[in-house]
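Descriptive analysis of the structure
Residues per chain are reported as follows:
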Amino acid sequence: MKDILKSLLTLSVIPLVMIGCTSSPQKGKTISTPNGHRIFIPQEKIAIEHPIPQKVMPNSYRNWLIDIDNQARARDYERFLEKNSVGNIIPSFELFRTARDWDKCGKSEYMIPSSEIWSNQVPTLKVFKYLVASKVLTDFTVTSVYRDLPLNQCAGGAGSSRHLFNSAIDFRIGPVNPQPEDYAYIENTKFRLCQFWAQYGQSLNMGLGLYASGQIHIDTQGYRTWGPDLSRNSSMCHF
C-alpha cells in the first residue's frame, strides 16, 4: 500500500513541475548583421504609448536644394545609399544636417561629404536600420551627421570626431522641447538603446554616447560608450 501511495504522489507532482518549467515564447525580431549573421532583438514587454509626429521637409532644405549643384550631389549620394541597401532610413533633410551650431559658425545647415568617404556611413546607417526595424527607435530627429573641419572646430567637436569622416550620427529622442509626459518614453528608449548596445554593440563595432545637451551619438568606429563628461563613468548604459 505504501508503495502504491508513493507512486500516486509521484505522478501527481510531475505535471506541476512541468508547468513550472514551461516558459512562453520570447517576442522579438530577427535581423541580419553586416557579416550575414542573424541576431535576435528581444522586445520589451512594457510598451510606452507615444505619438509619432510626421516628419515635414523644412523650407531651409527646399531653399538649399534650389542650388543645382546641391541637388545633383544630393541625388548622387541618395542613389549610392540605396545601392547599398541603406537608403530612405533617415530623410535626406536630416541626413545632410551638419551641426546644431551651424548658424553661429557661419556655415551651411546642410552639407554632403566628398564621395571618397560616402562608404564610411554605410555601417552606421545599417545599425540605424536595425534600430528602426526593431522599433528601438521610433520618434527621433537626426541633428548632425557630416561636418567639415572648420565647422567641427567651431561647434566644439573633438579633433578626431567621427563626424569628420562621415561615420557618425547624432540625434535626439522625442520633441525638441519635451513635456512631462514625454520623459518616460525618452528614458525607455535610452534603456532599450543600451540593451541593444550591450548585446550587439561589440559585433557591430558600435559606439554609443550621450552628451550633456541630450543628443545621442552612434558610430561604428569602436565598441565603447560615454556620457556627458565624455567618459564611461557617466554613460547612460550602466552595465
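Here the residue index of a chain counts from 1 through its sequence in written order. Only residues with pLDDT of at least 70 get local features here, since the model is predicted, and only at 80 or more are side-chain atom pairs given and counted; chain-wide, interface and lining totals rely on the full set of residues. Water and hydrogen atoms play no part in the side-chain values, which are based on all heavy atoms of the structure.

Some words on the sheet that holds strand 6 (residues 216-219)
- Strands are treated as partners if at least two bridges between them are detected by DSSP. In this text, helices come from DSSP runs of H or I with a minimum length of four residues, and strands from runs of E with a minimum of two, each type numbered from the N-terminal end. Reading across from one edge, 3-4-6-5-7 is the order of the 5 strands in this open sheet, with mixed pairing throughout. Every interior strand has two partners, whereas the edge strands, strand 3 (140-144) and strand 7 (224-226), have only one. Averaged over all pairs of adjacent strands, the angle between their axes in this sheet comes to 20°, without regard to strand direction.
- With 4 bridges connecting them, strand 4 (residues 168-173) and strand 6 associate as antiparallel partners. Of the residues in strand 6, the one forming a bridge with Asp-170 is His-217.
- Between two residues, a contact is recorded if the distance between any of their heavy atoms is within 4.5 Å. Axis definition: a line fitted to C-alpha atoms, over the contacting stretch in the case of helices. Angles run 0 to 180 degrees between N-to-C directions. The strands touched by helix 5 (residues 121-133) within the sheet are strand 3, strand 4 and strand 6, with strand 4 carrying the most contacts at an inclination of about 30°.

With respect to the nonpolar core
- Among the nonpolar cores identified, the biggest contains 44 residues, and Phe-96, Phe-128, Phe-171, Leu-193 and Leu-208 are the most heavily contacted of them.
- Setting aside anything within four residues of it in sequence, one finds Leu-208 in contact with Leu-193, Cys-194, Trp-197, Ile-216, His-217, Ile-218, Arg-224, Thr-225, Trp-226, Met-236 and Cys-237.
- Only buried residues count toward a nonpolar core, which is a set of Ala, Val, Leu, Ile, Met, Phe, Trp, Tyr and Cys residues joined through side-chain atoms within 4.5 Å. When accessible area is computed with a 1.4 Å probe and restricted to protein chains, residues below 20% of their type maximum are described as buried, those above 50% as exposed, and intermediate ones as partly exposed. Formed by 6 residues, the second largest nonpolar core is a distinct cluster that contains Ala-99, Met-111, Tyr-146 and Leu-151.

Thoughts on the environment of Leu-230
- If you trace the backbone, Leu-230 turns up in the segment after strand 7.
- Residue classification places Leu-230 among the exposed residues on the basis of a relative accessible area of 60%.
- Between the C-alpha atom of Leu-230 and that of Leu-210, which follows or precedes it by 20 residues, the distance is 8.3 Å.

A word on helix 7 (residues 183-204)
- To get the bend at a given residue, fit one axis to the seven residues ending there, fit another to the seven starting there, and take the angle between those axes. A bend of about 50° at Ala-198 is the largest found in helix 7.
- Once helix 7 finishes, Asn-205 follows within two positions and takes phi at roughly 55°, a positive value.

Side note on the state of the cysteines
- Here, two cysteine sulfur atoms that lie within 2.5 Å of each other are counted as a disulfide. Going through the model one piece at a time under the given rule, you end up with 2 disulfides.
- One disulfide bridge connects Cys-105 with Cys-154, the sulfur atoms lying 2.0 Å from each other. Given an S-S torsion of about -95°, the disulfide between Cys-105 and Cys-154 has left-handed geometry. One end of the pair, Cys-105, is in the loop between helix 4 (92-95) and helix 5; the other, Cys-154, is in helix 6 (residues 149-154), and 49 residues separate them in sequence.
- Owing to a relative accessible area of 44%, Cys-154 belongs among the partly exposed residues under this scheme.
- Between the sulfur atoms of Cys-194 and its disulfide partner Cys-237 the distance amounts to 2.1 Å. The sign of the S-S torsion, about -80°, decides the handedness of the disulfide formed by Cys-194 and Cys-237: left-handed. Remark: Cys-237 occurs in the segment after strand 7 and Cys-194 occurs in helix 7; sequence separation between them is 43 residues. Taken individually, Cys-194 and Cys-237 each receive the classification buried, so the pair is uniform in this respect.
- Ordinal numbering of bonded cysteines along the protein chain defines a disulfide pattern of 1-2, 3-4.

Digging into the packing of helix 5 against helix 7
- Put simply, helix 5 and helix 7 touch, their axes get as near as 12 Å, and they point 145° apart. Remark: the crossing between helix 5 and helix 7 carries right-handed chirality. Residue-level inspection shows Val-127, Tyr-130 and Leu-131 of helix 5 in contact with helix 7, the latter providing Leu-193, Phe-196 and Leu-204.
- Just so you know the grouping, Ala, Val, Leu, Ile, Met, Phe, Trp, Tyr, Cys and Pro go in nonpolar, Asp, Glu, Lys and Arg go in charged, and all remaining residues, Gly too, go in polar. Grouping the constituent residues of the contact of helix 5 with helix 7 by class yields 6 nonpolar, no polar and no charged. Should the near helix be turned anticlockwise from the far one by less than a right angle, the crossing is termed left-handed; should it be turned clockwise, right-handed.

Quick look at the packing of aromatic side chains
- The criterion for an aromatic pair is that two Phe, Tyr or Trp rings (for Trp, the six-membered ring) have centres within 6.5 Å, with stacked assigned to planes under 30 degrees apart, edge-to-face to planes over 60 apart and tilted to the rest. Under the defined criterion, the tally for this structure stands at 15 aromatic pairs.
- On the numbers, 6.4 Å between centres and 40° between planes, the contact of Tyr-61 with Phe-96 is tilted. Here Tyr-61, found in helix 2 (residues 59-65), pairs with Phe-96, found in the loop between helix 4 and helix 5; they are 35 residues apart in sequence, far enough to count as distant. Like Phe-96, Tyr-61 is buried.
- Relative to Phe-171, the ring of Phe-140 has its centre 6.5 Å away and its plane inclined at 80°; by these criteria the two rings are edge-to-face. Placement of Phe-140 in strand 3 and of Phe-171 in strand 4 is noted, with a sequence separation of 31 residues between them.
- Take Phe-171: its relative accessible area is 0%, and that puts it in the buried class.
- Only when the NZ atom of a Lys or the CZ atom of an Arg is both within 6 Å of the ring centre and within 35 degrees of the ring normal do we say a charge sits over the ring. It is Lys-55 that lies over the ring of Phe-140; its NZ or CZ is 4.9 Å from the centre.

Some details on the confidence of the model for the protein chain
- pLDDT gives the predictor's per-residue confidence on a scale running from 0 to 100. Looking at the protein chain, the pLDDT average stands at 85 and 79% of residues meet or exceed 70.
- Within the protein chain, strand 6 carries the highest mean pLDDT (98), whereas helix 1 (residues 2-21) carries the lowest (36).

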